[in-house]
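Observations on chain architecture
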Amino acid sequence: MQIQSSAPPTPPTSPLNWVQKNLFSTWYNSILTIVCLAVIIWGLSNFISWALTAAQWGVVGANLRLFFVGRFPPELYWRVWTALGLIIGLAGLCWGYIVRNSPIFSRTILFVLGVMIAAIVLLPLELSARLWILAIAIIAIVGYAVGRKLPASISPWLTPAWGLVFIVNIWLIGGGLGLASVPTNVWSGLLLTLLTAICGIVLSFPFGVLLALGRQSPLPIVRILSILYIEVVRGLPLIGILFLAQVMLPLFLPPNFRNLDRVLRAIAGLVLFSAAYLAENIRGGLQAIPRGQYEAAKALGLSSPLVVLLIVLPQALKAVIPAIVGQFIGLFKDTSLLALFGLLELTGISRSILAQPQFLGRYAEVYLFIGLLYWLFCYGMSTASRYLERKLNVSN
């Protein structure tokens, strides 16, 4: 007779038992819980009272355009809306493809739809803006539904699709090739923040991978140059790198290139800075790969480049997903330093709004609003990171 082993039954835990076990298990835990609850209630009550009675949120409603698109020409707002629709549509399609085997509704989908509905209902927007948001929400839903029906063979085409959308969006926003050109000195607000952050993330990642591989290269010159670059850049503050890119870089360029666009110089500074930190994060992942992985791949007849690209690098990147996404989040927030060099991104445009005579002293309302915007994007990246970790079983 075979005896089957089973885990002992777990007694049901009621909310009251959980509270007693975790919050009031000892006398000092009880005191600490009571003190923390008192501080939280006091802080929340004061904040809610200020937000509902003393705060003047009119500064946000009157300057929504400046917050989001800055000085971009109002007659060309359709370009920004179209670019946003392309991004949201493709994001919905990719998300639907990723979770095609999951329930049709998830917390992420409901959260995104909730944010869009709240924007339509609560924000003091014009009718045209509300209709644009509604259209983009419909595009996102359609993209999500289509993505769930796509076959697995479509996966290699998703990355090139993002590259194509990025190029089309730059063409839409900047103009040229049949569209009226829009100079970069009117790119400001959240639009400039997202542009510089996305370009910095996309360009710094492959650069950081190359630096990490170069630091472990058997070629002495490549290894020494990679180490020298990483250590020098990591020893400098970002504001110094941006100063060099904005002020000193034109002095070292040929005369025909000294008028290089300021936005391009800012992106170059962000890329050069972020790549050095990404290289160290990725190098940590490379060092975590057992030596037996290299030897097994060599035994199968793979060349050194194929061993790195197909065996080592995917495992290394998988191991350091939290560190990489943390660096991306830091880069997104570091774009606020561009305001020190006359580039009116989200923080810079907020300072210009606060300089208006009718909005003097409204620091709390303005900075709370832009803080909420920063948090939404950072939380989105963090959520995507956690989902990717679960999908790839990083903990296993």
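Here's what I pulled together on the structure shown here. Within each chain, residue numbers correspond to sequence positions counted from 1 in written order. It should be noted that, the model being predicted, local features are given only for residues of pLDDT at least 70 and side-chain atom pairs only at 80 or more, the latter also being counted only at that level, while totals for whole chains, interfaces and linings use all residues. The basis for every side-chain value is the complete set of heavy atoms in the structure, and neither hydrogens nor water enter the calculation.

**Topic: the overall build of the chain**
- Under the DSSP-based scheme used, a helix requires at least four consecutive residues in state H or I and a strand at least two consecutive residues in state E, with every element numbered from the N terminus. Counting its secondary structure elements, the chain contains 17 helices and zero strands.
- When the backbone C-alpha atoms are referred to their principal axes, the chain occupies close to 85 × 65 × 50 Å.
- When burial is assessed residue by residue, the chain has 35% of its 396 residues classed as buried.
- Residues are treated as being in contact if the distance between any of their heavy atoms lies within 4.5 Å. Restricting to contacts in the chain with at least 6 residues of sequence separation, those with at least 24 account for 77%.
- We get accessible surface area from the Shrake-Rupley algorithm with a probe of 1.4 Å; when it comes to residues, only the shown protein chains can shield them. Within the structure as shown, the chain displays about 23,400 Å² of accessible surface, and the carbon and sulfur contribution to it stands at 72%. For every residue, the accessible area obtained with a 1.4 Å probe (protein chains only) is divided by the maximum for its type, and the residue is called buried under 20%, exposed over 50%, and partly exposed between those limits.

**What about helix 14 (residues 304-319)?**
- What a helix is expected to span follows from its residue count: subtract one and scale by 1.5 Å. The end-to-end C-alpha separation of helix 14 is 21 Å, in line with the 22 Å expected for 16 residues at 1.5 Å each.
- Values of bend correspond, residue by residue, to the angle between axes fitted over the seven residues ending at that residue and the seven starting there. Of all the bends in helix 14, the greatest, near 45 degrees, is centred on valine 312, and the proline proline 314 appears no more than four residues after it.
- For helix 14, the complete set of buried residues consists of Val307, Val312, Leu313 and Ala316.
- Contact partners of the buried residues in helix 14: helix 9 (190-215), helix 12 (262-287) and helix 13 (291-299).

**What about the layout of surface pockets?**
- In this structure, the second largest pocket encloses a volume near 360 Å³.
- Every definition here rests on a 1 Å grid over the protein atoms only: cavities are sets of points where a 1.4 Å probe fits but cannot get out, pockets are open sets enclosed by protein on both sides within 12 Å along at least five of seven lines, and lining residues have some atom within 4 Å of a point. Lining the second largest pocket are 14 residues; nearest its centre among them are Gln216, Pro218, Tyr294, Ser304 and Val308.
- Here the lining of the second largest pocket takes six residues from helix 14, the largest share from any one element.
- For the lining of the second largest pocket, the residue count by class is nine nonpolar, three polar and two charged. Grid points are joined across faces, edges and corners, and a volume is the space filled by probe spheres set on the points. Side-chain classes are defined by residue name, with Ala, Val, Leu, Ile, Met, Phe, Trp, Tyr, Cys and Pro counting as nonpolar, Asp, Glu, Lys and Arg as charged, and the others, Gly among them, as polar.

**Some thoughts on the pattern of salt bridges**
- Just to be clear on terms, a salt bridge is a Lys or Arg side-chain nitrogen sitting within 4 Å of an Asp or Glu carboxyl oxygen. Tallying each qualifying case throughout the model produces six salt bridges.
- Measuring nitrogen to oxygen at the nearest pair gives 2.9 Å for the salt bridge that ties glutamate 280 to arginine 283. Remark: arginine 283 and glutamate 280 occur in helix 12; sequence separation between them is three residues, near one turn of the helix.
- Among the residues examined, glutamate 280 registers a relative accessible area of 15% and is labelled buried.

**Looking at the packing of aromatic side chains**
- Only Phe, Tyr and Trp rings take part, Trp by its six-membered ring, and two of them pair if their centres are within 6.5 Å. Stacked means planes under 30 degrees apart, edge-to-face means over 60, and tilted covers everything else. Enumeration over the complete set of coordinates arrives at 14 aromatic pairs.
- Between phenylalanine 332 and phenylalanine 377, the ring centres sit 5.6 Å apart and the planes meet at 40 degrees, which makes this aromatic pair tilted. Separated by 45 residues along the polypeptide, phenylalanine 332 in helix 15 (residues 321-334) and phenylalanine 377 in helix 17 (residues 363-392) bring together distant segments of the chain.
- Taking relative accessible area as the criterion, phenylalanine 332 reaches 4% and is therefore assigned buried.
- Feature note: the residues Phe47, Trp50 and Trp57 constitute an aromatic cluster, connected by ring pairs.
- Ring-over charges, as used throughout, are those where CZ of Arg or NZ of Lys falls within 6 Å of the ring centre and within 35 degrees of the ring normal. The ring of tyrosine 277 carries arginine 234 above its face, with NZ or CZ at 5.6 Å from the centroid.

**Comments concerning the nonpolar core**
- Counting 50 residues, the largest nonpolar core has Phe72, Trp187, Ile282 and Leu286 as the members making the most contacts within it.
- The element that contributes the greatest number of residues to this core is helix 12, accounting for twelve residues.
- Residues within four places of tryptophan 187 in sequence aside, it is in contact with Phe72, Ile173, Gly174, Val182, Leu192 and Leu195.
- Residues Val59, Leu64, Phe67 and Leu373 belong to the second largest nonpolar core, which totals 24 residues. What we call a nonpolar core is a set of buried Ala, Val, Leu, Ile, Met, Phe, Trp, Tyr and Cys residues that are connected through their side-chain atoms within 4.5 Å.

**Comments concerning the environment of proline 357**
- For proline 357, the position within the fold is in the loop between helix 16 (346-354) and helix 17.
- Taking C-alpha positions, proline 357 is 26 Å from tyrosine 374, a pair spaced 17 residues apart along the chain.

**Observations concerning the environment of isoleucine 324**
- Its location among the elements puts isoleucine 324 in helix 15.
- C-alpha separation for the pair isoleucine 324 and alanine 279, spaced 45 residues apart in sequence, amounts to 9.6 Å.
- Among all residues touching isoleucine 324, those that are not within four sequence positions of it are Phe205, Leu278, Ile282 and Leu317.

**A closer look at the side chain of serine 204**
- The residue serine 204 is located in helix 9 in this model.
- The exposure class of serine 204 is buried, given its relative accessible area of 0%.
- Setting aside residues up to four positions removed in sequence, serine 204 forms contacts with Val271, Ser274, Ala275, Leu278 and Leu331.

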